[in-house]
Amino acid sequence: MNTPDSIYVAGHRGMVGSAIVRRLLAAGHPASRLLTRTHAELNLTDQAAVRAFFARTQPKQVYLAAAKVGGIHANNVFPADFIYQNLMIAANVIEAAFCNGVQKLLFLGSSCIYPRLAPQPMSEQALLTGPLEPTNEPYAVAKIAGIKLCESYNRQFGASHGVDYRCVMPTNLYGPGDNYHPDNSHVIPALIRRFHEAKEIDAPEVAIWGSGAPLREFLYVDDMAAACVHVMNLPKARYAQHTQPMLSHINVGSGSDLSIAELAHGIARVVGFKGRIGFDARKPDGAPRKLMNSDRLHSLGWRAQVDLPQGLALTYQDFLQTTALRQLPIAAL
């Protein structure tokens, strides 16, 4: 496991991390050269444990996809958890990687790093130009800190140690391996579950949080994984041509957005829910619009391949399989 070209995927059981593993395996990386650890095996908020892991395994590359994530409800209820855990994960992994000679690392952030009222579509230059969306500010601050950690290590140790730590900022992700929790999930998996359960009991109506007016962009998770591997493998000189030392992150998006109301009706069609769809405007909407400008990534030779209707259908199939698996008797698992 500690061969010179081993790759550590932090967060391999999460939606993004598992997609990165799938992508690396499909690209021909031997499974024996992929390092993974569950949270029970390695708590990334434990600095000593993280340092010991890196010293023992000596990976050559790191994909830092581990994070505490959740939707508006979870961010509102657990703000301290979101800022502390994500700060510690980023700081511990990046420092341990550097101390153990890792030269290539990819940090995954989030579109919530941009100001709430950033000009649309949001370009990389919008970072730190205005107030963040209050409902997920702690998470966003931790992700911004991760970007600045990578940039700072590059600036201080790039020339002397060959450090090349890169950052990608995905738009809203969805797909296989998502969290379908009824309260702590993001909008697509939450709506898939709600429409499915409503269909099962023949409910006449499903009420959606918020007005339905906010615009959101979505990217299928396997597209995100492909973008991650693409950015990680770009020649250093080419990456540098399209970035700046203190503005080095790259947006990853699908290039189009739609309203939450349009999304809800699209998911209802995929699931087969025939009832009414209502909207509770008393609930928070979050940012009015979040569309990424992915021109920088497009100029580096990558574009999304899976459109939203196809991705929603694949995600609903994943939900059905996940639900069926969890309902099996323990002995059958």
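Residues numbered from 1 in each chain as written. Predicted model: local features only at pLDDT ≥ 70, side-chain atom pairs only at ≥ 80, totals over all residues. Heavy atoms only, no water.

**Q** Go over the pattern of salt bridges with me, naming the residues and quoting the values.
**A** Tallied over the full model, the rule gives 9 salt bridges. Across the pair Arg116 and Glu133 runs a salt bridge, and its minimum N-O distance is 2.7 Å. Highlighted residues: Arg116 in the loop between strand 4 (104–108) and helix 5 (137–161) and Glu133 in the loop between strand 4 and helix 5, separated in sequence by 17 residues. Ionic pairing is found between Arg166 and Asp164, a salt bridge with its closest N-O pair at 2.7 Å. Each member of the pair Arg166 and Asp164 is classed as buried. (Salt bridge = Lys/Arg side-chain N within 4 Å of Asp/Glu carboxyl O. Helix = DSSP H or I, 4+ residues; strand = E, 2+ residues; numbered from the N terminus. Buried < 20%, exposed > 50% of the residue type's maximum accessible area, 1.4 Å probe, protein only.)

**Q** Residue-level account of the sheet that holds strand 9 (residues 250–252), with values.
**A** Sheet architecture is open: 6 strands sit in the order 2-1-3-4-5-9, paired in parallel fashion. Sheet topology places strand 2 (34–35) and strand 9 at the edges, where each strand pairs with a single neighbour. Where strand 1 (residues 7–10) lies against strand 3 (residues 61–64), 4 bridges are found, and the strand directions are parallel. Looking at the pairing, Ala10 lines up with Leu64 of strand 3. Against the sheet, helix 5 touches strand 4 and strand 5 (164–170), its axis set at about 155° to strand 5. The sheet strands contacting helix 7 (residues 221–232) are strand 3, strand 4, strand 5 and strand 9, and the helix crosses strand 4 at an angle near 145°. (Pairing = 2+ DSSP bridges. Contact = heavy atoms within 4.5 Å. Axes fitted to C-alpha atoms, helices over the stretch in contact; angles between N-to-C directions.)

**Q** Describe the pairing of strand 1, with residues and values.
**A** Here strand 1 shows two buried faces, one formed by Ile7 and Val9 and the other by Tyr8 and Ala10. Across 2 bridges, strand 1 lies against strand 2 in parallel orientation. For Ile7, the partnering residue across the bridge sits in strand 2 and is Leu34. Of the crossover connections in this fold, the one passing from strand 1 over helix 1 (residues 15–26) to the parallel strand 2 is right-handed. (Right-handed = clockwise from strand over helix to strand, strands pointing away.)

**Q** Hey, could you go over the pairing of strand 3 for me, with residue numbers and the actual values?
**A** Regular strands show a simple pattern: their side chains alternate between the two faces of the sheet. Here strand 3 shows a buried face lined by Gln61 and Tyr63 and a second buried face lined by Val62 and Leu64. When strand 3 meets strand 4, the two strands line up parallel, connected through 4 bridges. Among the inter-strand pairings, Gln61 is bridged to a residue of strand 4, identified as Lys104.

**Q** Lay out the nonpolar core with the relevant residues and their values.
**A** Among the nonpolar cores identified, the biggest contains 43 residues, and Tyr8, Leu44, Phe54, Phe107 and Tyr165 are the most heavily contacted of them. Once you skip the residues sitting within four places of it in the chain, Leu44 turns out to touch Tyr8, Ala10, Val50, Ala66, Met88, Ile89, Asn92 and Val93. In this structure, Ile20, Leu34, Leu173 and Cys228 belong to the second largest nonpolar core, which totals 32 residues. (Core = buried A, V, L, I, M, F, W, Y, C linked by side-chain atoms within 4.5 Å.)

**Q** Before we move on, could you go through the side chain of Asn293 and cite the residues and values that matter?
**A** By secondary structure assignment, the location of Asn293 is in the loop between strand 12 (289–290) and helix 10 (295–299). On the basis of relative accessibility, which here comes to 19%, the residue Asn293 falls in the buried class. There is a polar contact of 2.9 Å between the side chain of Asn293 and the backbone nitrogen of Asp295. Among residues more than four places away in sequence, those in contact with Asn293 are Pro121, Met122, Ser123, Glu124 and Asn251. (Polar contact = N/O pair within 3.5 Å; in protein donor to acceptor, adjacent residues only side chain to side chain.)

The analysis is restricted to geometry; functional conclusions fall outside its scope.
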